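Next come the chains, spelled out residue by residue.
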Amino acid sequence: MSLTISLAGIAGALVAGAVSPGPSFILVARTAMASSRHEGIASAFGMGAGSFLFALAALLGLHALLAAAPWAYTSIRIAGGCYLLVLAWRLWKHARDPLPLPAFGRPADTPRRSITRAFLFALATQLSNPKTSIVMGSIFAAFLPRELQPELLLLLPLLVFLIDIVWYSLVACLLSTPAPRAAYLRHKKAIDRLAGSIMAALGIRLLFAFTE
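Just so it is clear, the model here is predicted, and its values are computed rather than measured. (Residues numbered from 1 in each chain as written. Predicted model: local features only at pLDDT ≥ 70, side-chain atom pairs only at ≥ 80, totals over all residues. Heavy atoms only, no water.)

Colleague: Sorry if this is basic, but what is going on with the overall build of the protein here?
Modeller: Along the protein, the regular secondary structure elements total 10 helices and 0 strands. Of the regular secondary structure in the protein, the N- to C-terminal order runs α-α-α-α-α-α-α-α-α-α. By sequence separation, contacts in the protein at least 24 residues apart represent 90% of the contacts at least 6 residues apart. Summed over all atoms, the accessible surface of the protein reaches about 11,300 Å², with 71% contributed by carbon and sulfur. (Helix = DSSP H or I, 4+ residues; strand = E, 2+ residues; numbered from the N terminus. Contact = heavy atoms within 4.5 Å. Areas by Shrake-Rupley, 256 points an atom, 1.4 Å probe, with all protein chains shown as cover.)

Colleague: I keep staring at helix H3 (residues 37-60) and nothing clicks. Help me out?
Modeller: Residues separated by three or four positions in an α-helix point in the same direction, a consequence of the helix having 3.6 residues per turn. Between the first and last C-alpha of H3 there are 35 Å, a value that for 24 residues agrees with the 34 Å anticipated at 1.5 Å per step. Backbone geometry just after H3 places Gly61 at a positive phi near 115 degrees. (Expected span 1.5 Å × (residues − 1).)

Colleague: Help me out: how do you make sense of the nonpolar core in this one?
Modeller: When a protein is soluble and globular, its nonpolar side chains tend to lie buried together. Residues Ile10, Leu14, Ala55, Met136, Phe140, Leu156 and Val160 are the most contacted members of the largest nonpolar core, which totals 13 residues. The set of elements that each furnish at least two residues to this core consists of helix H1 (3-19), H3, helix H7 (131-143) and helix H8 (152-175). Core analysis: the second largest hydrophobic core is formed by 12 residues, Leu27, Val28, Ala29 and Ala32 among them. (Core = buried A, V, L, I, M, F, W, Y, C linked by side-chain atoms within 4.5 Å. Buried < 20%, exposed > 50% of the residue type's maximum accessible area, 1.4 Å probe, protein only.)

Colleague: Even after reading the chapter, I still don't get the packing of aromatic side chains, so can you show me in this structure?
Modeller: Where two aromatic rings form a pair, the distance of their centres and the angle of their planes describe that pair. Applying the stated criterion across every chain, the model contains 2 aromatic pairs. Judged by centre distance (6.1 Å) and plane angle (70 degrees), the rings of Phe45 and Phe161 are edge-to-face. Taken together, the positions of Phe45 in helix H3 and Phe161 in helix H8 put the pair 116 residues apart, joining distant regions of the chain. The class for Phe45 is partly exposed, based on a relative accessible area of 34%. (Phe/Tyr/Trp six-rings, centres within 6.5 Å; stacked < 30°, edge-to-face > 60°.)

Colleague: It is not clear to me how the packing of helix H2 (residues 23-34) against H8 should be interpreted in this structure. Could you clarify?
Modeller: Geometry of a packed helix pair, given as the angle between the helix axes and the separation of the axes. Interaxial distance between H2 and H8 falls to 8 Å at its minimum, and their mutual angle equals 35 degrees. Classified by chirality, the crossing of H8 by H2 is right-handed. From H2, Ser24, Phe25, Val28, Ala29, Ala32 and Met33 reach across to H8, where they touch Trp167, Tyr168, Val171, Ala172 and Leu175. (Axes fitted to C-alpha atoms, helices over the stretch in contact; angles between N-to-C directions. Left-handed = near helix turned anticlockwise from the far one by under 90°.)

Colleague: Can you help me understand the environment of Ala49 in this one?
Modeller: With respect to the helices and strands, the residue Ala49 is situated in helix H3. Residues Ala49 and Leu120, spaced 71 residues apart in sequence, show a C-alpha to C-alpha distance of 9.7 Å. In this structure, Ala49 is in contact with Phe119, Leu123 and Phe161, ignoring residues within four places of it in sequence.

Colleague: Teacher, can you tell me more about the packing of H2 against H3 here?
Modeller: At their nearest, the axes of H2 and H3 sit 7 Å apart, and the two run at 160 degrees to each other. When the axis of H2 is compared with that of H3, the two are roughly antiparallel. Residues Ser24, Leu27, Val28, Thr31 and Ala32 of H2 form the contact with H3, whose own contacting residues are Arg37, Glu39, Gly40, Ser43, Ala44 and Met47. A per-class count over the contact of H2 with H3 returns 5 nonpolar, 4 polar and 2 charged. (Parallel < 35°, antiparallel > 145°, perpendicular 65-115°, else oblique. Nonpolar A, V, L, I, M, F, W, Y, C, P; charged D, E, K, R; others polar.)

Shown next, in the form of structure tokens:
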């Protein structure tokens, strides 16, 4: 299998994983609609940074470490599941709260600290799911040649990073436009509680699906 075919296969698998619904999509979509496009894009970069770190870790052997030490995977999985449950509780708790949003048609003054907070929050959310590392390790093992060129240690994490920021930035830009935002405000309570329920289900699944 040539390197070009290997990279194409990896890219296709990663794109399919990125566009599938999950905590990352929910967080970026809600941030873009409830806060601002800038914060949504900052969240997209946070997701990309988390994926970059997971890809680098997978290439450096984290996948093998977790496979050889089940207790390590279990510990990370419990921590990630608890974190998702905390996110779910926060969504439910604040579902009724009004949101002070900037009006469309004039520039939104987004404080730098809000953009930094959105980036860090998205990064923590992405890193809370250890399955990302396992999936990436499996994809790399399936498509990469046995002889791993040194330049791939940088190229593959960058590829993962670019796929995530392009997809989630597109999500942020689309859902920060007036019509989707107006629809969100009309149905904020129901949408936030649905998102919280999905987050809770993912957290519970992560906590208790130890046989996978």
